[in-house]
Amino acid sequence: MNMKNRDIISIRDMTKEDIEYILKKSEEMEKNMKKNKNLLNGYVLSTLFFEPSTRTRLSFESAMNKLGGRVISVAQPKASSVAKGETLADTVKTVEQYSDVIVMRHPNEGAARLAADVVDIPIINAGDGANQHPTQTLLDLYTINKECGKIDGLSIAMMGDLKYGRTVHSLATALAYYNVKLIFITPEELKMPSEIKKYLKNKGIPYREISGIDEIGKADVLYVTRIQKERFPDPADYEKVKGIYKILPETLDILGNAKIMHPLPRVDEISPEIDKSKNAIYFRQARNGIPVRMTLLSLVLGEME
Amino acid sequence: MKKELKVSAIKNGTVIDHIRPGKALEVVRLLNLENYEDSVTVAMSVRSSLHKTKDIVKIENRELSEDEVNEIALIAPESTINIIKDYEVVEKRKIELPDVIKGILTCMNPNCISRKEGSSKFIVEKREPVVLRCYYCERLMEEGEILKRLRI
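These lines cover the structure that appears in this document, whether it is placed above or below. (Residues numbered from 1 in each chain as written. Chains lettered and ligands numbered in written order. Predicted model: local features only at pLDDT ≥ 70, side-chain atom pairs only at ≥ 80, totals over all residues. Heavy atoms only, no water.)

1. Focus: the overall build of chain A
No. 1: A count of helical and extended segments in chain A gives 10 helices and nine strands.
No. 2: For 305 residues, the compact-globule estimate of 2.2 N^0.38 gives 19 Å, and the C-alpha radius of gyration of chain A, at 20 Å, lies within 12% of that figure.
No. 3: Viewed in the frame of its principal axes, chain A has a C-alpha envelope of about 55 × 45 × 40 Å.
No. 4: When the 305 residues of chain A are sorted by exposure, 56% land in the buried category.
No. 5: For chain A, the proportion of contacts with a sequence separation of at least 24, taken over those separated by at least 6, is 70%.
No. 6: Split by element, the accessible area of chain A, about 13300 Å² in all, is 48% carbon and sulfur.
No. 7: For chain A, the centre of its 44 positive side-chain charges and the centre of its 41 negative side-chain charges are spaced 4 Å apart. (Helix = DSSP H or I, 4+ residues; strand = E, 2+ residues; numbered from the N terminus. Rg over C-alpha atoms; globule rule 2.2 N^0.38 Å. Buried < 20%, exposed > 50% of the residue type's maximum accessible area, 1.4 Å probe, protein only. Contact = heavy atoms within 4.5 Å. Areas by Shrake-Rupley, 256 points an atom, 1.4 Å probe, with all protein chains shown as cover. Lys, Arg positive; Asp, Glu negative; His and termini not counted. Charge placed at Lys NZ, Arg CZ, Asp CG, Glu CD.)

This is the structure we're talking about:
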């Protein structure tokens, strides 16, 4: 499959074949890290982060460095030409002159799509507002596949803020390509949006909505997201639910062998005592961002097929 | 049997026919015809062979732009447009909703990049009832919201 010059903007643009191909190539990449250390020699990646990010940005920069490429970045876009009133289109068209690929994060939904329309080099979306973060979804799928040995046939639970969390929206959308059962654990106020549930229904994906982790039943994966206190109109409502959504050592009895994932950063929804348990895979999940992003960079630059 | 004309014919202009019953006034508002200096004839709930009833809007001395036709397609997709010259129908076409709608609507999402720069673009996700997806922020817009945004 030739993905040269392809933009990675939204998981909605990807077919199941695209996803499977990226996962397979990422697996090969992880096995051949050293062999590929000069694969992107001579290429320059620009990281344009109009919003703060630690993990995603470092992960992309590390991925490019491991392939022998170079990274240039705008440290504080607010202090740069953007603050002088330059349009996003002009900013990316200028940055295009200095680089071979752009990774960008922007607070406005659709920003990466707009950027991709105005430049000829590939754009990788590292988050556009509350909309998409496709490389997170790909590394989540890669992690599930790697840790469980498959995706088809799994029961995958998602817990926390499913209303506003873009990672769970994208992940649920991508999982609809597979034969999975989904479980949504949320308080009434933070349920999965009806648009996503309608989509799952159309794709024939069974899902259950529950409010407490004790009703989870058998699950292979538990994907935890942060519940943001500020989303609750009434603080008393938040107090009611926050305890339920905390993974403590005693919660592991309910979870059995379920692997616990989290896009990070966490606040208090997973107790640090869990980190050493065999269930906890969230730091390995973060590490998986490296081979997946190395693969995406190599594919869109045409150095891997 | 001779067909009886319920509304008078126009000499030059546009007849929007087969409008879904009850939608004629929305079409009038959409095209800002309340303040039109020439004559506008509105017929509502006219018996039709195609549907049970239909609405008709006749506009003297006016042709519609492509954007206007696309706007009508959003609220009354099954309508037909007849261009009249010297009492004769010189062109007749069915209004079809294009696959992509550009420019005529703003995205309902205040945080969408299209509200800041560039212009709006929507992908027609569903036709009956109309559902649009913003090309940029991917947010869905349903009929009620579309009407609101068309300022009807």
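2. Some details on the interface of chain A and chain B
No. 1: In this assembly, 19 residues from chain A lie in contact with 15 residues from chain B.
No. 2: Carbon and sulfur atoms make up 39% of the surface buried where chain A meets chain B, a total of about 1400 Å² over both sides.
No. 3: Area buried by chain A at its contact with chain B is led by Arg12, Asn108 and Glu109 of chain A, which between them contribute 38% of it.
No. 4: The interface formed by chain A and chain B contains five salt bridges.
No. 5: Glutamate 125 of chain B is the salt-bridge partner of arginine 12 of chain A, the closest N and O atoms lying 3.8 Å from each other.
No. 6: Between the two partners, chain A and chain B, sit 12 residue pairs in polar contact (both at pLDDT 80 or more).
No. 7: Only α3 (88–96), α4 (111–118) and α7 (194–202) of chain A provide two or more residues apiece to the side of chain A that touches chain B.
No. 8: Counting residues per element, the side of chain A that touches chain B draws most heavily on α4 of chain A, at four residues. (Buried area = accessible area lost by both parts, 1.4 Å probe. Salt bridge = Lys/Arg side-chain N within 4 Å of Asp/Glu carboxyl O. Polar contact = N/O pair within 3.5 Å; in protein donor to acceptor, adjacent residues only side chain to side chain.)

3. With respect to the state of the cysteines
Residues and elements named next belong to chain B.
No. 1: Tallied over the full model, the rule gives zero disulfides over all chains.
No. 2: We note that cysteine 107 lacks a disulfide partner, and the nearest cysteine sulfur, in cysteine 137, lies 3.6 Å from it.
No. 3: A disulfide-free cysteine, cysteine 134 has its sulfur positioned 3.7 Å from the sulfur of cysteine 112, the nearest such atom. (Disulfide = S-S within 2.5 Å.)

4. Details of the packing of α3 of chain A against α4 of chain A
All names here are of chain A.
No. 1: At a minimum axis separation of 9 Å, α3 and α4 run at an interaxial angle of 55°. With respect to α4, the element α3 is oriented oblique. The two elements α3 and α4 cross, and the hand of that crossing is right-handed. Touching Leu88, Ala89, Val92, Lys93 and Glu96 of α3 are Ala111, Leu114, Ala115 and Val118, all from α4.
No. 2: In the contact of α3 with α4, the residues fall into seven nonpolar, no polar and two charged. (Axes fitted to C-alpha atoms, helices over the stretch in contact; angles between N-to-C directions. Parallel < 35°, antiparallel > 145°, perpendicular 65-115°, else oblique. Left-handed = near helix turned anticlockwise from the far one by under 90°. Nonpolar A, V, L, I, M, F, W, Y, C, P; charged D, E, K, R; others polar.)

5. Topic: the pairing of strand β1 (residues 44–49) of chain A
Residue and element names in this part refer to chain A.
No. 1: For β1, the tally of buried residues reaches five of six residues, placing the bulk of the element in the interior.
No. 2: Strand direction decides the pairing type here: β1 and strand β2 (residues 70–73), joined by four bridges, are parallel. Across the sheet, serine 46 pairs through a bridge with isoleucine 72, a residue of β2.
No. 3: The parallel pair β1 and β2, bridged by helix α2 (residues 55–66), forms a crossover whose chirality is right-handed.
No. 4: In the sheet, β1 pairs with strand β3 (residues 101–106) via five bridges, with the strands oriented parallel. From the neighbouring strand, threonine 47 faces β3, where its bridge partner is valine 103. (Pairing = 2+ DSSP bridges. Right-handed = clockwise from strand over helix to strand, strands pointing away.)

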